[in-house]
Amino acid sequence: MDRPAAAALGADLRKHVALQPADLVPDGLISPADAAALRPVTETFRMRITPQMRTAITRADDGVGLQFVPDRRELNVLPSELTDPIGDGAHSPTKGITHRYPDRVIFHVTQVCEVYCRFCFRREVVGENGVLPAGDVAAALDYIRRTPAINEVILTGGDPLSLSPRRLHEITTALAAIPHVGLMRIHTRVPVVAPNRITPEMIAALTAPGLQTWLVLHTNHPQEFIPEAVAALDLLRTAGVPLLSQSVLLRGVNDSVAVLKSLFTTLLRLGVKPYYLHHCDLARGTSHYRTTIAAGRALMRALRGQISGSALPTYVLDIPGGFGKVPITADYFDGGADGRWQVTDPNGGTHIYHDPE
Ligand SMILES: *Cc1c(COP(=O)(O)O)cnc(C)c1O
Ligand code: SF4
């Protein structure tokens, strides 16, 4: 949506969507005194929560509340924190495109999300300019069309599923018509945070002959799976859209074996394969969410052996500056000289493994 449309829609949704700290006072999530004190926070970083996520929050400091309720600590910006933590801007050949890996691009179709996560790695741009203007969309599609190495287009933003099915269908059909593009990936929180948007019309808008669509659900805590979210995922799964998930490791939200175990096994039961667990990016004002890498590795090591291998995502760091994602592996292997390895098992026992001759 462009600016005037966004304003009109905003007025319409104001009754339902929390946009300011004062909106959460009736829910008891923010005290009247804090509502005023938190204004500088939401003037710096936008606030938005859907009615569905408000119902999922029981306390401001539970696993869902901590993701969406603004906090004064967000004004504490560390010198190491960045406005573009993963370097989207470093690899942008045309507006709306980030092209870091040869075979795939990120296509930022909108900067609007249904919720604004307090730890968002794109918090400096989300909600800033609304949808990508038609001219920029055309130029982005043109770039993809004349770059035959691109096989996969990842729609993100913002949240691509905040667009109307009509707009999404235009993009899907344009991509399907490009011979070298075979894959479209949607990175979204919508099936969980605004499940009402997952309609048969929306699902139809995401698919086109000749293009395989994958959906990657952003979810961080099992308490997000309200019945409507489960139903929306069911709809997507039965329509045949393969489902993956990505989560962010967040202090206080999911940095425990119990919560991650519950999150990943819940996802498997819902037909969603956990794909990535992101180390919390260096976005400004997010230090209260960040764990150490050592803590993340210890969690991943503890989970291995406790839950199905298929429930385990890859724990990754997006190297600040735009250098790409790399796995943060647990250190199971030592040595290696002459093919002789010392291997640590999930319970901490050590074993010797020799590479065959
Ligand atoms: C994360 C990311 C991708 C997707 O990476 P995968 O490892 O394929 O999931 C692609 N391009 C950019 C710029 C990214 O940041
Ligand atoms: S849904 Fe994604 S892009 Fe939108 S605010 Fe949350 S983390 Fe940021």
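Note that the coordinates shown come from a computational prediction; the quantities given were computed from them, not determined experimentally.

Draft legend 1. View of the site of ligand 1. Taken together, the neighbourhood of ligand 1 is formed by Ile86, Thr98, Arg100, Tyr101, Arg104, Ile106, Ile154, Arg185, Tyr275, Tyr276 and Lys325. Between ligand 1 and the protein, one listed contact pairs an oxygen atom with a side-chain N or O atom of Arg100 at 2.7 Å. Lys325 is positioned with one of its side-chain polar atoms (N or O) 3.0 Å from an oxygen atom of ligand 1. When isolated, ligand 1 has an accessible area of 390 Å², and the protein chains bury 93% of it. Of all the cavities here, the one that holds ligand 1 is the largest pocket. Elements with a contribution of two residues or more to the shell around ligand 1: strand 1 (97-101), strand 2 (104-108) and strand 7 (273-279). Broken down by element, the shell around ligand 1 gets its largest block of residues, three residues, from strand 1. Here the residues of the shell around ligand 1 sort into six nonpolar, one polar and four charged.

Draft legend 2. Structural context of the packing of helix 11 (residues 257-269) against helix 12 (residues 293-303). Running from amino to carboxyl end, helix 11 crosses helix 12 at an angle of 60°, the nearest separation of the two axes being 10 Å. Regarding the angle of helix 11 to helix 12, the classification is oblique. With respect to the hand of their crossing, helix 11 and helix 12 are arranged in right-handed fashion. In contact with Val257, Leu260, Lys261 and Phe264 of helix 11, helix 12 contributes Leu299, Ala302 and Leu303. Broken down by class, the residue content of the contact of helix 11 with helix 12 amounts to six nonpolar, no polar and one charged.

Draft legend 3. Expanded view of the UniProt feature "modified residue: N6-(pyridoxal phosphate)lysine" (unreviewed entry) in the protein. The positions that UniProt labels "modified residue: N6-(pyridoxal phosphate)lysine" (unreviewed entry) are, in the present scheme, Lys325. If you trace the backbone, Lys325 turns up in strand 9 (residues 325-327). Beyond its immediate stretch of four places on either side in the chain, Lys325 contacts Arg100, Tyr101, Tyr276, His278, Val316, Leu317 and Asp318.

Draft legend 4. Region of the structure containing the site of ligand 2. The immediate surroundings of ligand 2 are formed by Cys113, Val115, Tyr116, Cys117, Cys120, Val126, Arg189 and His218. The cavity that encloses ligand 2 is the largest pocket. Of the residues in the shell around ligand 2, the class split is six nonpolar, one polar and one charged.

Draft legend 5. Fine view of the nonpolar core. Residues Met53, Phe107, Ile144 and Leu175 are the most contacted members of the largest nonpolar core, which totals 89 residues. For this core, the element with the highest residue contribution is helix 6 (residues 134-145), accounting for five residues. There are two domains that each give this core at least three residues, and those are domain 1 (3-75) and domain 2 (89-354). Aside from chain neighbours lying at most four places away, what touches Ile144 is Ile97, Val105, Phe107, Ile150, Val153, Leu175, Ile178, His180 and Val181.

Draft legend 6. Inspection of the UniProt feature "binding site: [4Fe-4S] cluster" (unreviewed entry) in the protein at higher detail. Cross-referencing UniProt, the feature "binding site: [4Fe-4S] cluster" (unreviewed entry) maps to Cys113, Cys117 and Cys120 in the present numbering. As for the largest cavity, its lining draws on Cys117 and Cys120 from among the annotated residues. Note on Cys113: relative accessible area 12%, which makes it buried. Leave out the neighbours within four places in its chain, and Cys113 touches Arg48, Val126, Gly158 and Asp159. Positionally, Cys120 belongs in the loop between strand 2 and helix 6. The residues contacting Cys120, other than those within four sequence positions of it, are Val126 and Ala283.

Draft legend 7. Expanded view of the sheet that holds strand 12 (residues 350-354). Reading across from one edge, 10-11-12 is the order of the three strands in this open sheet, with antiparallel pairing throughout. Of all the strands in the sheet, the pair left with one neighbour each is strand 10 (333-335) and strand 12. This sheet shows a mean twist of 35° between the axes of neighbouring strands, independent of strand direction. Where strand 11 (residues 340-344) and strand 12 come together, five bridges link them in antiparallel fashion. Looking across to strand 12, one finds that Arg340 is bridged to His354.

Draft legend 8. Just the packing of aromatic side chains, in detail. Inspection of the entire model under this criterion finds three aromatic pairs. Ring centres 5.7 Å apart and planes at 75° place the aromatic pair Phe119 and Tyr289 in the edge-to-face group. Within this pair, whereas Phe119 is found in the loop between strand 2 and helix 6, its partner Tyr289 is found in the loop between strand 7 and helix 12, the two being separated by 170 residues in sequence. Overall, Phe119 belongs to the buried group, its relative accessible area being 4%. The ring of Tyr101 carries the charged tip of Arg104 above its face, separated from the ring centre by 4.1 Å. Lying across the ring of Phe45, Arg123 places its NZ or CZ 3.5 Å from the centre.

Draft legend 9. Inspection of the sheet that holds strand 3 (residues 152-156) at higher detail. Pairing in this open sheet of nine strands is mixed, and the strands run 1-2-3-4-5-6-7-8-9 from one edge to the other. The sheet terminates laterally at strand 1 and strand 9, the two strands that pair on one side only. Strand-to-strand twist of the sheet, defined as the mean angle between neighbouring strand axes without regard to direction, takes the value 25°. Note: strand 4 (residues 183-188) against strand 5 (residues 212-218), six bridges, orientation parallel.

Draft legend 10. Main features of the layout of surface pockets. In this structure, the largest pocket encloses a volume near 770 Å³. Around the largest pocket, the lining is made up of 38 residues, and of these Phe121, Arg122, Thr156, His187 and Gln246 lie nearest the centre. Counting residues per element, the ones that place at least two in the lining of the largest pocket are strand 1, strand 2, strand 3, strand 4, strand 5, strand 6 (243-249) and strand 7. The dominant element in the lining of the largest pocket, judged by the number of residues it contributes, is strand 7, at four residues.

Rules of the game
Residues numbered from 1 in each chain as written. Chains lettered and ligands numbered in written order. Predicted model: local features only at pLDDT ≥ 70, side-chain atom pairs only at ≥ 80, totals over all residues. Heavy atoms only, no water. Near = heavy atom within 4 Å. Polar contact = N/O pair within 3.5 Å; in protein donor to acceptor, adjacent residues only side chain to side chain. Areas by Shrake-Rupley, 256 points an atom, 1.4 Å probe, with all protein chains shown as cover. 1 Å grid on protein atoms, 1.4 Å probe; cavity = no way out; pocket = protein on both sides within 12 Å on 5 of 7 lines; lining within 4 Å. Sits in = over half its atoms within 2 Å of the grid points. Helix = DSSP H or I, 4+ residues; strand = E, 2+ residues; numbered from the N terminus. Nonpolar A, V, L, I, M, F, W, Y, C, P; charged D, E, K, R; others polar. Axes fitted to C-alpha atoms, helices over the stretch in contact; angles between N-to-C directions. Parallel < 35°, antiparallel > 145°, perpendicular 65-115°, else oblique. Left-handed = near helix turned anticlockwise from the far one by under 90°. Contact = heavy atoms within 4.5 Å. UniProt positions renumbered as here; feature names shortened; annotations may be inferred. Core = buried A, V, L, I, M, F, W, Y, C linked by side-chain atoms within 4.5 Å. Buried < 20%, exposed > 50% of the residue type's maximum accessible area, 1.4 Å probe, protein only. Domains from an automatic or database assignment. Pairing = 2+ DSSP bridges. Phe/Tyr/Trp six-rings, centres within 6.5 Å; stacked < 30°, edge-to-face > 60°. Lys NZ or Arg CZ within 6 Å of the ring centre and 35° of its normal. Points joined across faces, edges and corners; volume = space filled by probe spheres on them.

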